[in-house]
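# Remarks on the overall topology
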Amino acid sequence: MELNHINFAQILEELKDTARLQGNMLTGNQLAKAFEQWKLDKEQMTLIQDYFRSHHIGIDEPGDVEENLSGEDVSFLEMYLEELKALSPISDGQKRAVIMAAFAGNKDAQAKLIEIFLPQVVEISKLYAGQGALVEDLIGEGNVAAASAVTMLECVENIDEVEGFIGKMIMDAMEELINEDSNNHQFDENVLNQVNDVNDKAKELYDTLLRKVTVGEVAKELGVSEKEVLEAVKFSANRIDYIAL
């Protein structure tokens, strides 16, 4: 079958979500079933397994996520996990009863369910560590997502889907945070590059003309609008001394 790159990429993303719900692990059978329509050979399947391992997702065993933690992350987790020790232990049967009551709309059960998910939020945060956001911030977003999720259980068809629903909302919130931080970082880099380009070109013209240059002259040399030059001057806190304003 001809490889559909869009569907292939979608399956990769779906499998990454599945892995995170399974403790950062996929089984060989899951991989084989997911890609069976393409009839991949052994070498191609090995490349796919290597792809997941590069994302710290284990095949038939949990991936190692601890190596993604920074020193700051480790320090925060030690303190936060110590606080979570104060939570009362709960059996699988008690957890099931809480889920059933929360699913039925009981507010106290919903609050208890958020508490039950606090340790799981921590474990999920480790899966996203090292991708640009601090574990502390990931946990914060995850906890907010869990609190929202327990009030939206009417979206779930049956109680067996509750944990997966809450887990997915937690993961989505963490991924959104990472993407937002990445976009902000890219914006910061673009702004810095813009300021440097305007400053360098203004100095070059200043050295040639032996006078301060106009915004229009810099814009013309860089092939940008005067508005962009003025924005660069603004972002530099008016420290580009070679431009006459």
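Going by the structure above, here's the rest.
Report follows, based on the coordinates. The shown structure was predicted, so the numbers you read here are calculated from the model rather than taken from an experiment.

Owing to its 3.6 residues per turn, the α-helix aligns residues three or four sequence positions apart on the same side. Taken as a whole, helix H10 (residues 226-235) has its buried residues at Val229, Ala232 and Val233. Axial view of H10: buried residues confined to an arc of 100°, hence all on one face. Pointing more than 90 degrees away from the buried face of H10 are the exposed residues Lys227 and Lys234.

This part covers the nonpolar core. Of all hydrophobic cores here, the largest spans 40 residues; its most connected members are Leu113, Tyr128, Ile139, Leu153, Ile166 and Ile170. Those elements that place two or more of their residues in this core are helix H4 (71-84), helix H5 (92-103), helix H6 (107-127), helix H7 (135-149) and helix H8 (162-209). Setting aside its immediate chain neighbours within four residues, Ile166 contacts Leu113, Phe117, Ala146, Ala149, Val150 and Leu153.

This part is about the packing of helix H9 (residues 215-222) against H10. Two quantities define a packed helix pair, namely the angle between the axes and the distance from one axis to the other. Interaxial distance between H9 and H10 falls to 8 Å at its minimum, and their mutual angle equals 110°. Here H9 lies roughly perpendicular to H10, going by the angle between them. Viewed along their axes, H9 and H10 form a crossing whose handedness is right-handed. Residues Val215, Gly216, Val218 and Ala219 of H9 form the contact with H10, whose participating residues are Glu226, Val229 and Leu230. Its residues placed into classes, the contact of H9 with H10 shows 5 nonpolar, 1 polar and 1 charged.

Each value, and the rule that gives it
Residues numbered from 1 in each chain as written. Predicted model: local features only at pLDDT ≥ 70, side-chain atom pairs only at ≥ 80, totals over all residues. Heavy atoms only, no water. Buried < 20%, exposed > 50% of the residue type's maximum accessible area, 1.4 Å probe, protein only. Helix = DSSP H or I, 4+ residues; strand = E, 2+ residues; numbered from the N terminus. Arc of directions from axis to C-beta. Core = buried A, V, L, I, M, F, W, Y, C linked by side-chain atoms within 4.5 Å. Contact = heavy atoms within 4.5 Å. Axes fitted to C-alpha atoms, helices over the stretch in contact; angles between N-to-C directions. Parallel < 35°, antiparallel > 145°, perpendicular 65-115°, else oblique. Left-handed = near helix turned anticlockwise from the far one by under 90°. Nonpolar A, V, L, I, M, F, W, Y, C, P; charged D, E, K, R; others polar.

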